[in-house]
Amino acid sequence: MNDIYSQVWTTETSAIPPDLAVEPELFKILCFLGTLGIILNILNIVTLSMSTEQVTYKILLGMTVADLLVNITLFCLSIIFQTSPNTVKIYHIMPISLISILMRLFASISNWSAVLMATIRLLVVTFPLKAAIYASPKRVKVSIGLIYILCIGLQVLFYAMVAYWLGILSNFALLLYVFPILFEILPMAVCLVLTVMLLIQFGRAHAKAKNLVSQTQMDERVKEQRKLTFTSLLTLTFFIITYLPLVIHELIDLANMYSINASNHYPTTTHILSKVTLILQSCNHTGNFFIYITANSTLRKNFLQKFAKVKTAVCAGRTASSV
């Protein structure tokens, strides 16, 4: 989550303004997005699992699993606070909350998976003849596994350090710099640079394709790679649009962190911006299904094929029960 995650912990709870309540409507929106995200990401997993011959689909599948876990934890978080008899304040949702920890963990895996996808597509577009070497299925699988292992391992280490320092020191703001930089700001910055580079290289490749006598000269493999690059660009653009406000907010929080600890006073932040960034982040882990289905004919075909099979099975079941 956004600035709600990055609130600085303080031993003086009276320094936090008591009026920063989270409206129930926000949790209803998050509950809806979480439910929708669970459904759409399950459909994504089913659709992507039918096209694992391309390494990009493997990366998208790994990212979709992380997005599904984000939406499950988001749904649980919204339900817990919706059913709470007490008024929910911003500082009630702390980074040491188990569900908040899990949600941020899965979100960080999704973020770095987006960076991996941008890297692979840039290598494929820039060095098409060596793509089979640089982006082999084995290397991509290892890379996806490393993202999961490193994100989980580093965050376990991070929270262990926080728990240790929390017990003996009241000022450990330096530790709180590491998390948003490593798992939110850094992947966004890298992804932004790679996306711009990929867009430039894709434009150059498209210009070269126009020099062909006819589009029929392009074999199916080249067409598939162009389709994958276009889908990746849309996915990365959606990620940047929905996560950039969060990163800006994190940078503002990091800039104010020293003054917060020096004065032991919690500043009045833009509460509306906090809620908007949280909703946008939730949309990021929910909306990729629409990109895949509209921009990629292969995934759309897989989805319709699976939907047709399910529809046929349901109709056959109804017919058998009515006999």
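1. Observations concerning the packing of aromatic side chains
Argument step 1. One pass over the structure, following the stated rule, counts four aromatic pairs.
Argument step 2. Between F289 and F290, the ring centres sit 5.6 Å apart and the planes meet at 75 degrees, which makes this aromatic pair edge-to-face.
Argument step 3. Look at F289 and you get buried, because its relative accessible area is 8%.
Argument step 4. Members of the aromatic cluster, joined through ring pairs, are F289, F290, F303 and F307.

2. A word on the pattern of salt bridges
Once the charged atoms of two side chains with opposite charge are near each other, the side chains can pair.
Argument step 1. According to the stated counting rule, one finds one salt bridge in the structure shown.
Argument step 2. The partner of E184 in a salt bridge is R104, with the nearest N and O atoms 3.0 Å apart. Here E184 is found in helix α6 (residues 173-210), whereas its partner R104 is found in helix α3 (residues 98-126), with 80 residues between them in sequence. Just as E184 is buried, R104 falls in that class too.

3. Some words on the confidence of the model for the chain
Argument step 1. Per-residue pLDDT for the chain averages 78, and the proportion of residues at 70 or more is 72%.
Argument step 2. When pLDDT is averaged over each helix and strand of the chain, the minimum, 75, is found for helix α10 (residues 297-322) and the maximum, 93, for helix α9 (residues 288-295).
Argument step 3. Segment residues 1-19: pLDDT under 50, and 52 contacts once partners within four positions in sequence are set aside and those in other chains are kept.
Argument step 4. Across residues 263-268, where pLDDT falls below 50, the model places 13 contacts with residues more than four positions away in sequence or in other chains.

4. Some words on the environment of I99
Argument step 1. Inspection of the secondary structure assignment puts I99 in helix α3.
Argument step 2. The spacing of I99 and L74 is 25 residues in sequence and 8.1 Å in space, taken between C-alpha atoms.
Argument step 3. The contacts of I99, once residues within four sequence positions are left out, are T73, C76, L77 and I80.

5. So, α9
Argument step 1. With six of its eight residues buried, α9 lies for the most part within the structure.
Argument step 2. Buried within α9 are the following residues: N288, F289, I291, Y292, I293 and A295.

6. What to know about the environment of T242
Argument step 1. Inspection of the secondary structure assignment puts T242 in helix α7 (residues 220-263).
Argument step 2. On the basis of relative accessible area, T242 is assigned to the buried category, the value being 4%.
Argument step 3. When the C-alpha atoms of T242 and L280 are compared, they prove to be 5.0 Å apart, with 38 residues separating the residues in sequence.
Argument step 4. Dropping the residues within four chain positions of it, T242 is found in contact with L280, Q281 and N284.
Argument step 5. Looking at T242, its side chain comes within polar contact range of the main-chain oxygen of F239, at 3.2 Å.
Argument step 6. Side-chain polar atoms of T242 contact the side chain of N284, separated by 3.2 Å.

7. Points about the side chain of T195
Argument step 1. Structurally, the position occupied by T195 is in helix α6.
Argument step 2. Among the polar contacts made by the side chain of T195, one reaches the main-chain carbonyl oxygen of C191 at a distance of 2.6 Å.
Argument step 3. Every residue in contact with T195, bar those within four places of it in the chain, is listed here: L233, L236 and I240.

Rules of the game
Starting afresh in each chain, residues are numbered from 1 along the sequence in its written order. Local features in a predicted model are, by the rule used here, given only for residues with pLDDT of at least 70; side-chain atom pairs are given and counted only at 80 or more, and totals for whole chains, interfaces and linings are based on all residues. Remark: hydrogens and water are excluded; side-chain values derive from all non-hydrogen atoms of the structure. Classification of ring pairs uses Phe, Tyr and Trp, with its six-membered ring standing for Trp, and accepts pairs whose centres are within 6.5 Å; under 30 degrees between planes counts as stacked, over 60 as edge-to-face, and the remaining range as tilted. Think of it in three bands: with a 1.4 Å probe and only protein chains considered, a residue is buried below 20% of the maximum accessible area for its type, exposed above 50%, and partly exposed in between. For this document, the term salt bridge refers to a Lys or Arg side-chain nitrogen within 4 Å of an Asp or Glu carboxyl oxygen. Numbered from the N terminus, helices here are DSSP runs of H or I no shorter than four residues, and strands are runs of E no shorter than two. Within a predicted model, pLDDT stands for the predictor's per-residue confidence, ranging from 0 to 100. Contact criterion: two residues are considered in contact whenever any of their non-hydrogen atoms come within 4.5 Å of each other. Pairing of N or O atoms within 3.5 Å defines a polar contact, subject to two protein rules: one partner must be a possible hydrogen donor and the other a possible acceptor, and residues neighboring in sequence count only if both atoms are side-chain atoms.

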